Amino acid sequence: MTAAGGPPVDQVRRAMARVAGIIFPGRCLACGAWMDGETDQSVPVCARCRIGLVPITDPRCPGCGMPLLVEEGRCTRCRTAGYAFASSTAVFAYRGIVRDLVIALKSGGRRRLVLLFAPFLARLLSERRPGTAVVPVPSRPGRSGPDPVELLARELERRYGVQVLRLLRRRPGAAQKSLSLTDRLRNLQGRIHVARGARPAGALVVIDDVFTTGATVDACARALIAAGAARVDAVTLAVD
Ligand SMILES: [Zn+2]
Ligand SMILES: [Zn+2]
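Residues numbered from 1 in each chain as written. Chains lettered and ligands numbered in written order. Predicted model: local features only at pLDDT ≥ 70, side-chain atom pairs only at ≥ 80, totals over all residues. Heavy atoms only, no water.

Engineer: Please set out helix 8 (residues 215-226) residue by residue, giving values where relevant.
Structural biologist: With 12 residues, helix 8 should cover 16 Å at 1.5 Å per step; its first-to-last C-alpha distance of 16 Å lies within 8% of that length. Of all 12 residues making up helix 8, nine are buried, and the element is well covered by its neighbours. One or two steps after helix 8, the chain reaches glycine 228, where phi turns positive at roughly 130 degrees. (Helix = DSSP H or I, 4+ residues; strand = E, 2+ residues; numbered from the N terminus. Expected span 1.5 Å × (residues − 1). Buried < 20%, exposed > 50% of the residue type's maximum accessible area, 1.4 Å probe, protein only.)

Below, the structure written as structure tokens:
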């Protein structure tokens, strides 16, 4: 009964969404163009905008994945930050269409964007850390709507056979946005912790949507290493 692509309920829901897309094609989330006439309507992003989704290429900072103009080792941020993770790599730079779509996924509840982003993330994971288990950054308690990182993790698990270990939890605390890097690190320390009974081991990859200061993935890496992980790398959708 359960064919490739998920349980029957999912298939029905997807089929209904496809039909709805044909009847009410809607607009591209990035440029606002009508989606009628688009061959791929699985995600509300037109073909022209999809071409604009260009992954970062080398040279990039081996610490945080920021694109660099010249190959010269780590960027200034990483040289002073003292991150606990071994490396962080991002698919995209957080700007333009990527930024708009990530915001639509994070705060606009545009869940279908996961279908657009997951293949990029899956490719980067298989290039950088093949076969390594993935640990999603834990969602904020009390968050309304689905957590985008968890949605991406589910898609990686289901469609790309990535092993996902939900080893981390997060306690409530002050919002991160307005804080400096030092305050962010302090704010997160102890709030992100390993789940009861979980035993992290070996090499792990923490995944997150946006790498901003690195404080979140750093707190995840610290918790995992303190609980037994040998090495933690990070892979994110975008780097700011
Ligand atoms: Zn468009
Ligand atoms: Zn860097």
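Engineer: Got a sec to walk through the packing of helix 4 (residues 96-106) against helix 5 (residues 113-128)? Specific residues and values, please.
Structural biologist: Packing of helix 4 against helix 5 brings their axes to within 10 Å, and their N-to-C directions diverge by 120 degrees. By the angle between their axes, helix 4 is oblique relative to helix 5. For the element pair helix 4 and helix 5, the recorded crossing hand is left-handed. Together, Leu101, Val102, Ala104 and Leu105 of helix 4 and Leu113, Val114, Leu116 and Phe117 of helix 5 make up the contact between the two elements. A breakdown of the residues in the contact of helix 4 with helix 5 according to their chemical character gives eight nonpolar, no polar and no charged. (Axes fitted to C-alpha atoms, helices over the stretch in contact; angles between N-to-C directions. Parallel < 35°, antiparallel > 145°, perpendicular 65-115°, else oblique. Left-handed = near helix turned anticlockwise from the far one by under 90°. Contact = heavy atoms within 4.5 Å. Nonpolar A, V, L, I, M, F, W, Y, C, P; charged D, E, K, R; others polar.)

Engineer: Kindly report on the pairing of strand 2 (residues 133-136), identifying the contributing residues and their values.
Structural biologist: In strand 2, alternate side chains face the same way, and those of Ala133 and Val135 on one face and Val134 and Pro136 on the other are all buried. The sheet contact formed by strand 2 and strand 5 (residues 203-211) spans four bridges and is parallel. In the strand pairing of strand 5, alanine 133 is matched with leucine 204. (Pairing = 2+ DSSP bridges.)

Engineer: Tell me about the coordination of the zinc ion (ligand 1), and please be specific about residues and values.
Structural biologist: Around the zinc ion (ligand 1), the donor atoms from the protein are Cys28 (SG), Cys31 (SG), Cys46 (SG) and Cys49 (SG), and they sit 2.3 Å away. Each of the four donor atoms bound to the zinc ion (ligand 1) contributes to angles spanning 103 to 116 degrees, and the resulting shape is tetrahedral. In primary-sequence terms, the residues that donate to the zinc ion (ligand 1) follow C-x2-C-x14-C-x2-C. Of this pair, cysteine 31 sits in the loop between helix 1 (8-23) and helix 2 (47-51) while cysteine 46 sits in the loop between helix 1 and helix 2, placing them 15 residues apart in sequence. Take cysteine 31: its relative accessible area is 42%, and that puts it in the partly exposed class. For cysteine 46, a relative accessible area of 5% corresponds to the buried category. (Donors = N, O, S within 2.8 Å, 3.2 Å for Na, K, Ca; no water. Tetrahedral: all angles 85-135°; square planar, octahedral: opposite > 155°, others 65-115°.)

Engineer: Requested: an account of the coordination of the zinc ion (ligand 2), with residues and values cited.
Structural biologist: Around a metal, the perfect tetrahedron of four donors has angles of 109.5 degrees, and the perfect octahedron of six donors has angles of 90 or 180 degrees. Around the zinc ion (ligand 2), the protein contributes the donor atoms Cys61 (SG), Cys64 (SG), Cys75 (SG) and Cys78 (SG), which lie 2.3 to 2.4 Å from the metal centre. Viewed at the metal, the four donor atoms of the zinc ion (ligand 2) are separated by angles of 105 to 113 degrees, and the geometry they form is tetrahedral. We note that the donor set of the zinc ion (ligand 2) lies within a single chain, spaced as C-x2-C-x10-C-x2-C. Taken together, the residues cysteine 64 in the loop between helix 2 and helix 3 (76-81) and cysteine 78 in helix 3 connect sequence positions 14 residues apart. Here cysteine 64 matches cysteine 78 in class, with each residue buried.

Engineer: I'd love a proper account of unusual backbone geometry, names of residues and values included.
Structural biologist: Leaving glycine out, the prevailing phi sign among residues is negative, and the prevailing peptide bond configuration is trans. With an omega of 0 degrees, the peptide bond between aspartate 58 and proline 59 qualifies as cis. Summarising the element assignment, proline 59 is placed in the loop between helix 2 and helix 3.

Engineer: Could you give an account of the sheet that holds strand 6 (residues 231-239), with specific residues and numbers?
Structural biologist: Taking strand neighbours across the sheet as the criterion, the four strands line up as 1-6-5-2 in an open arrangement whose pairing is parallel. Looking at the sheet topology across the chains shown, the edges are occupied by strand 1 (88-93) and strand 2. Shown here is a sheet whose adjacent strand axes are inclined to one another by a mean of 25 degrees, direction ignored. Sheet topology note: the strand 5/strand 6 ladder contains eight bridges and is parallel.

Engineer: Give me the packing of helix 5 against helix 6 (residues 148-160): which residues, what numbers.
Structural biologist: Interaxial distance between helix 5 and helix 6 falls to 9 Å at its minimum, and their mutual angle equals 70 degrees. With respect to each other, helix 5 and helix 6 are oriented roughly perpendicular. Read as a crossing pair, helix 5 and helix 6 show a hand that is right-handed. Contacts between helix 5 and helix 6 involve Val114, Leu115, Phe117, Ala118, Pro119, Leu121, Ala122 and Leu125 on the former and, on the latter, Leu151, Leu152, Glu155, Leu156, Arg159 and Tyr160. Across the contact of helix 5 with helix 6, the residue classes break down as 12 nonpolar, no polar and two charged.

Engineer: Please provide a residue-by-residue account of the nonpolar core, values included.
Structural biologist: Ranked by size, the top nonpolar core spans 39 residues in total, and within it Val45, Phe92, Leu113, Phe117 and Ile207 carry the most contacts. For this core, the secondary structure elements donating two or more residues are strand 1, helix 4, helix 5, helix 6, strand 5 and strand 6. Top element by residues in this core is helix 5. It accounts for 10 residues. If you count residues domain by domain, this core takes at least three from each of domain 1 (1-51) and domain 2 (58-239). Residues within four places of valine 45 in sequence aside, it is in contact with Cys28, Met35, Arg50, Leu101, Leu113 and Leu116. Counting 34 residues, the second-largest nonpolar core is a separate cluster that includes Ile56, Cys64, Ala93 and Ala221. (Core = buried A, V, L, I, M, F, W, Y, C linked by side-chain atoms within 4.5 Å. Domains from an automatic or database assignment.)

In short, shape yes, function no, at least from these values alone.
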